[in-house]
Amino acid sequence: MNLVIDGPTRERLDSVRAIGESQIRPVGIEADRLGRPVPPDHPFFEMLVKVGLGRTRWDGKAEADRAAASSSSGASTPKLGASRGQLAVAEETSYWDRGVAVAFPGPGLGDPPISSMGTPDQKERFLGRFLNPDRPMWGSFAMTEPGAGSDVAGIQTTAHKDGDSWILHGAKSFAAHASRAEWIVVWATVDRSLGRDGHRAFVVERGTPGLGDFVVERKMGLKAYESTSFTLSDCRVPSANLLGGEDYYARKAGFKGAMKSFNATRPLVAAMAVGIGRAALDSAVVFARENDLLGQVRVRDRLERTRRRLRAARLLCWRAAWLADYGRPNILEASMSKAFAPSVAFEAASLGMELLGEVGGRGDHLIEKLFRDVKAMDIVEGTGQIQRVVMARQLVRLPRD
Amino acid sequence: MIDFDLGDELELLRSTAQQFAADHLRPALRDHESARQISQPAHAAFAEIGFAALECPESLGGSALGSLARCLMMEELAAADPGAALALDRLGAALYPIAEMGGDEALERFARPVLDTPDTRAALVWCGEGARAQTLRSGDRISGFVPWVPSDRVDLLLLLDERGCSIVHENIRCESLRGGGLRAAGAAELHLDDAPVAAHLEGEAAAGRALARARLYVTALLVGVMRESAEFSRQYALDRVAFGRPIAHHQGLAFLIADMATAVDAARVLLWEAAVRRDDAQANGLATHEQAAEAAATAFAEAAEQSLFVTPNGVQILGGHGFMQDYPVEKMMREARSLSLLLGGVDLAREHAARDLVVHEGPVALTLEAPP
Ligand SMILES: Cc1cc2nc3c(=O)[nH]c(=O)nc-3n(C[C@H](O)[C@H](O)[C@H](O)COP(=O)(O)OP(=O)(O)OC[C@H]3O[C@@H](n4cnc5c(N)ncnc54)[C@H](O)[C@@H]3O)c2cc1C
């Protein structure tokens, strides 16, 4: 057992720290003040692309994928061993600003479904441009609808085959980056009565007629990235954009495809929560020290508990990522980390506010911003309740109805 | 890199402890509790496997294993019966002050007789800040009162505080108590009337290390008890039917069961981290002993809090049956509460865990990072 972050990972963290205080955090605070997402042409994004960020995790080896596809399994094996490094970086970036961390250019949540479900051609078409981008670009992922969030099986957006294309119709909510995205991975149903088996994922490209009505939502926090609702009105999408192709769904892998990508991201989102919580804790300790509060047992106790819970949350995230790195099942552990970390991080921010006292009421302290930002972590990518549902399926075979 | 793999040696140790618990402790749970002692075959098997001297140096016939090994073993034993674990491990946490402050010579003089003489028991009592024990030492004599130790007899008594430790092995008067939890280990109050102090060992740093190791020991017991409470009640909730389905399938309980699993794991990862830090501090300097001590106090506080969430809910999930002694969950609740009273209790652990928050400026470190 080894519970020390190794040298190479530490170096990656140092490189995040190098721009954390000088850039990531100020850009986040600026977006929060101005109440708008960081605009796509912000010089910060240009800088990120210049230093090699904003890329896909897909390795770009379409030929290898083709060979794998024509052989038995069809799916390319994900890179093993990468989860822990990714986790560390996600936490550290969120420590400086979680909204900005999400705002980073790149294929975003669209990356995992395309690289795990996409055909070699689709990977090339949609992820290829993210291999070595020369400008900031985004991808988007739209599952949630006005009437269906947690209950993903209940999505209402329809897909009808029409010749060599599909017609999509419906509305999507809160999708990150949607209005600026090169493409959006949109989930729709071919037959509502089929539930999950009727689900299909499409890559809808920017400018496709019928894709529109973008509304950038006004949020309590995490203002640095856009959460955008939009509609699809008889939006015609070429068959070649059906993610994975018809065969993929004949194998009934559609919904599982979406859920598999969430298993991988749950510990990441949990780690981001830890990052926010840690920022709140650090700031709270500084405030407590400057205001001579550390002499009070009550204050020390609560700071200690907060640090302890954050530490436990972090270890639970690491454990889930470690399992993933060895290709071992981690559904329970991934959901556990995601069920635990957001509430712990919320506690950290809330305690920070309490120590600030009326200073926290002013609305201009970092902790006050973190307090608003952190709440989303218990909602996105499976609410805390949904994580418990997932855990209970593993622990007590909770039925799905 | 961060890795939770225990490795073959520790996995083997863990499964050996698990098997021992299944064979000797679990079936005799209530017998051991009411008899306030452990069956002779269990004692013999425990000695045979070499559990008692797990952390002792080879000169003492031990295996010189570290804290992580000890924690894994104690968790397994405590999952069956923490009182029995204390009764079987007759030297127990009393090893630590002797080893940390006295060295090999003291181990030979004080630890060996306990290890070698069946039926003897050692006890470690916290006498520092926040202690309920009252002792007064003048020169090489000591008087005082200890309100409770989980044992019916004490042949070797270690009175530990922030600065050092007094060792007493004569004139220890034990008066039996009914005991709240951990009755398989016995329960007594101790009186010292001008008892001779066999040795007084000084050293703040060493006393801190001893306390930290003792905290790991008790924390492992807490993790074991709460794990079993969570596991037992989970199984029960699958079998028990109410309103037409297993009670586990009512969301109120399903979520509670999920949260209990999380609580156990949160405590366990902190325990492991603290044990690994201690072993690292000892072996390769990847952590300092101060970091290890802070981590041990942190793990103790977490295990205490989480066990007081898990074990009463273990009872709750069984409803009225949980309250009855036909089921083990009520015992687990009592034992979790009793364990977390030891070593100065949870408040002192919180205080010690918080120490470096007060002292160290700069970002709060959650995990150690390799130096550049
Ligand atoms: C900042 C932000 C960014 C987002 N980004 C994206 C994005 O990029 N792409 C995207 O597709 N979506 C995105 N979302 C949407 C997010 O995934 C959903 O909001 C989330 O899944 C919850 O769905 P809902 O809002 O419809 O709430 P509902 O599903 O209506 O849930 C309401 C409440 O009911 C509870 N609940 C629901 N079902 C159960 C159950 N079975 N048992 C117990 N309790 C239950 C929930 O936990 C919640 O407390 C984003 C949301 C936010 C806040």
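Keep in mind the model is a prediction, meaning the values are calculated, not measured.

Draft legend 1. Spatial organisation of the interface of chain B and chain A. Listed by partner, the interface residues are 56 residues for chain B and 51 residues for chain A. Across the chain B/chain A interface, buried area totals approximately 5300 Å², and carbon plus sulfur atoms make up 63% of it. The largest contributions to the chain B side of the interface with chain A come from Met1, Phe4 and Leu366 of chain B, which together make up 16% of the buried area. The interface formed by chain B and chain A holds 13 salt bridges in total. Here Arg308 of chain A makes a salt bridge to Glu302 of chain B, at a shortest N to O gap of 2.7 Å.

Draft legend 2. Region of interest: the sheet that holds strand E7 (residues 188-196) of chain B. All names here are of chain B. Taken in spatial order, the four strands of this open sheet run E2-E3-E7-E6, and their pairing is antiparallel. Two strands bound the open sheet, and with one partner strand each, they are strand E2 (134-138) and strand E6 (172-176). Taking the axes of each pair of neighbouring strands and ignoring which way they run, one obtains an average angle of 10 degrees across the sheet. As paired strands, E6 and E7 are joined by five bridges and run antiparallel to one another. Residue pairing in the sheet places Arg173 in a bridge with His191 of E7.

Draft legend 3. Here's a closer look at the packing of aromatic side chains. Residues and elements named next belong to chain A. Scanning the model with the defined rule gives 18 aromatic pairs over all chains in all. An angle of 80 degrees between the planes, with centres 5.9 Å apart, marks the rings of Phe130 and Trp183 as edge-to-face. Here Phe130 is found in the loop between helix H6 (120-127) and strand E2 (139-142), whereas its partner Trp183 is found in strand E5 (residues 183-189), with 53 residues between them in sequence. Pair check on accessibility: Phe130 and Trp183 agree, each one buried. Both rings, one in Phe346 and one in Phe371, keep their centres 5.2 Å apart while their planes meet at 45 degrees; by these two values the pair is tilted. One end of the pair, Phe346, is in helix H10 (residues 331-356); the other, Phe371, is in helix H12 (residues 366-374), with 25 residues separating them in the sequence. Overall, Phe346 belongs to the partly exposed group, its relative accessible area being 28%. The class of Phe371 is partly exposed, set by a relative accessible area of 28%. What links up through ring pairs into an aromatic cluster is the set Phe44, Phe45, Phe104 and Trp138. Here Arg25 stacks its cationic end above the ring of Tyr95, 5.4 Å away from the centre of that ring. The ring of Tyr225 is capped by Lys219, whose NZ or CZ atom sits 3.7 Å from the centre of that ring.

Draft legend 4. Just the sheet that holds strand E4 (residues 156-160) of chain B, in detail. Residue and element names in this part refer to chain B. Strand order across the open sheet formed by four strands is E1-E4-E5-E8, with mixed pairing between neighbours. In this open sheet, the two edge strands, each paired with only one partner strand, are strand E1 (122-126) and strand E8 (199-202). This sheet shows a mean twist of 15 degrees between the axes of neighbouring strands, independent of strand direction. Bridge count for E4 against strand E5 (residues 164-168) is four bridges, and the pairing is antiparallel. By the bridge assignment for E5, Leu158 is matched with Ile167. Packing against the sheet, helix H6 (residues 95-116) makes contact with E1, E4, E5 and E8, and its axis sits at approximately 165 degrees to E4.

Draft legend 5. The arrangement of the pattern of salt bridges in detail. Across all of its chains, the model carries 67 salt bridges over all chains by this definition. Between Lys369 of chain A and Asp373 of chain A there is a salt bridge whose closest N-O contact spans 2.8 Å. Of this pair, Lys369 of chain A and Asp373 of chain A both sit in helix H12, separated by four residues, roughly a single helical turn. Taking relative accessible area as the criterion, Asp373 of chain A reaches 2% and is therefore assigned buried. When salt bridges with common partners are traced through the structure, they connect Glu304, Arg305, Arg308, Arg309 and Glu347 of chain A together with Glu302, Glu305, Asp347 and Arg350 of chain B into a single cluster.

Draft legend 6. Spotlight on the environment of Arg30 of chain B. Residue and element names in this part refer to chain B. Residue placement: Arg30 occurs in helix H2 (residues 29-35). Accessibility expressed as a relative area gives 24% for Arg30, which makes it partly exposed. Residues Arg30 and Tyr327 lie 297 residues apart in sequence; the distance between their C-alpha atoms is 9.7 Å. Setting aside chain neighbours within four positions, we find Arg30 in contact with Gln325, Tyr327, Pro328, Glu330, Lys331 and Arg334.

Draft legend 7. Representation of unusual backbone geometry within the structure. Not every positive phi belongs to a glycine, and Leu222 of chain A is a case in point at roughly 45 degrees. In this structure, Leu222 of chain A sits in the loop between strand E7 (211-216) and strand E8 (227-238). A relative accessible area of 4% means that Leu222 of chain A is categorised as buried. In this structure, Asp194 of chain B takes a positive phi of about 55 degrees despite not being glycine. Structurally, Asp194 of chain B can be placed in strand E7.

Draft legend 8. Examining the site of the ligand more closely. Close contacts around the ligand come from 18 residues, with Thr144, Ser150, Thr383 and Gln385 of chain A together with Gln251 of chain B the closest. This site is not confined to one chain, since residues near the ligand come from chains A and B. Within the side chain of Ser150 of chain A, one N or O atom sits 2.7 Å away from an oxygen atom of the ligand. At 2.9 Å, a backbone N or O of Ala176 of chain A approaches an oxygen atom of the ligand. Surface burial for the ligand is 66%, taken as the share of its 970 Å² of free accessible area covered by protein chains. Looking at the shell around the ligand, the elements with two or more residues in it are E2, strand E4 (165-176) and helix H13 (384-396) of chain A together with helix H8 (251-283) of chain B.

Draft legend 9. Structural detail: the packing of helix H9 (residues 289-317) of chain B against helix H11 (residues 329-339) of chain B. Residue and element names in this part refer to chain B. Remark: H9 packs on H11, axes separated minimally by 9 Å, with the N-to-C direction vectors making an angle of 160 degrees. When the axis of H9 is compared with that of H11, the two are roughly antiparallel. As for the relative orientation of H9 and H11, their crossing is left-handed in sense. Across from Phe300, Ser307, Leu308, Thr311, Pro312, Gly314 and Val315 in H9, the residues of H11 making contact are Val329, Glu330, Met332, Met333, Ala336, Arg337 and Leu339. Each residue belonging to the contact of H9 with H11 can be placed in one class, and the counts come to nine nonpolar, three polar and two charged.

Draft legend 10. Structural view of the domain arrangement of chain B. Residues and elements named next belong to chain B. Split into domains, chain B comes out as domain 1 (8-95), domain 2 (119-203) and domain 3 (205-359). A straight line from the C-alpha centre of domain 2 to that of domain 3 covers 26 Å. Between domain 2 and domain 3, the residue contacts involve 15 residues of the former and 16 residues of the latter. Together domain 2 and domain 3 conceal approximately 1200 Å² of surface at their shared face, both sides included; 70% is due to carbon and sulfur atoms. A per-residue breakdown of the area domain 2 buries against domain 3 is headed by Trp126, Trp148 and Leu182, which together make up 39% of the total. Where domain 2 packs against domain 3, one counts zero salt bridges. Put simply, domain 2 and domain 3 have four residue pairs in polar contact (both at pLDDT 80 or more) between them. Residue classes in the side of domain 2 that touches domain 3 are distributed as six nonpolar, four polar and five charged.

Draft legend 11. The packing of helix H9 (residues 297-325) of chain A against H8 of chain B, seen in detail. With their axes 9 Å apart at the nearest point, H9 of chain A and H8 of chain B run at an angle of 90 degrees to one another. As far as their axial angle goes, H8 of chain B and H9 of chain A are roughly perpendicular. Contact residues: H9 of chain A offers Arg308, Arg311, Ala312, Leu315, Leu316 and Arg319 of chain A, while H8 of chain B offers Thr262, Asp265, Ala266, Val269, Leu270, Glu273 and Arg277 of chain B. Along the lines of polarity and charge, the residues of the contact of H9 of chain A with H8 of chain B split into six nonpolar, one polar and six charged.

Conventions adopted
Residues numbered from 1 in each chain as written. Chains lettered and ligands numbered in written order. Predicted model: local features only at pLDDT ≥ 70, side-chain atom pairs only at ≥ 80, totals over all residues. Heavy atoms only, no water. Contact = heavy atoms within 4.5 Å. Buried area = accessible area lost by both parts, 1.4 Å probe. Salt bridge = Lys/Arg side-chain N within 4 Å of Asp/Glu carboxyl O. Pairing = 2+ DSSP bridges. Helix = DSSP H or I, 4+ residues; strand = E, 2+ residues; numbered from the N terminus. Axes fitted to C-alpha atoms, helices over the stretch in contact; angles between N-to-C directions. Phe/Tyr/Trp six-rings, centres within 6.5 Å; stacked < 30°, edge-to-face > 60°. Buried < 20%, exposed > 50% of the residue type's maximum accessible area, 1.4 Å probe, protein only. Lys NZ or Arg CZ within 6 Å of the ring centre and 35° of its normal. Near = heavy atom within 4 Å. Polar contact = N/O pair within 3.5 Å; in protein donor to acceptor, adjacent residues only side chain to side chain. Areas by Shrake-Rupley, 256 points an atom, 1.4 Å probe, with all protein chains shown as cover. Parallel < 35°, antiparallel > 145°, perpendicular 65-115°, else oblique. Left-handed = near helix turned anticlockwise from the far one by under 90°. Nonpolar A, V, L, I, M, F, W, Y, C, P; charged D, E, K, R; others polar. Domains from an automatic or database assignment.

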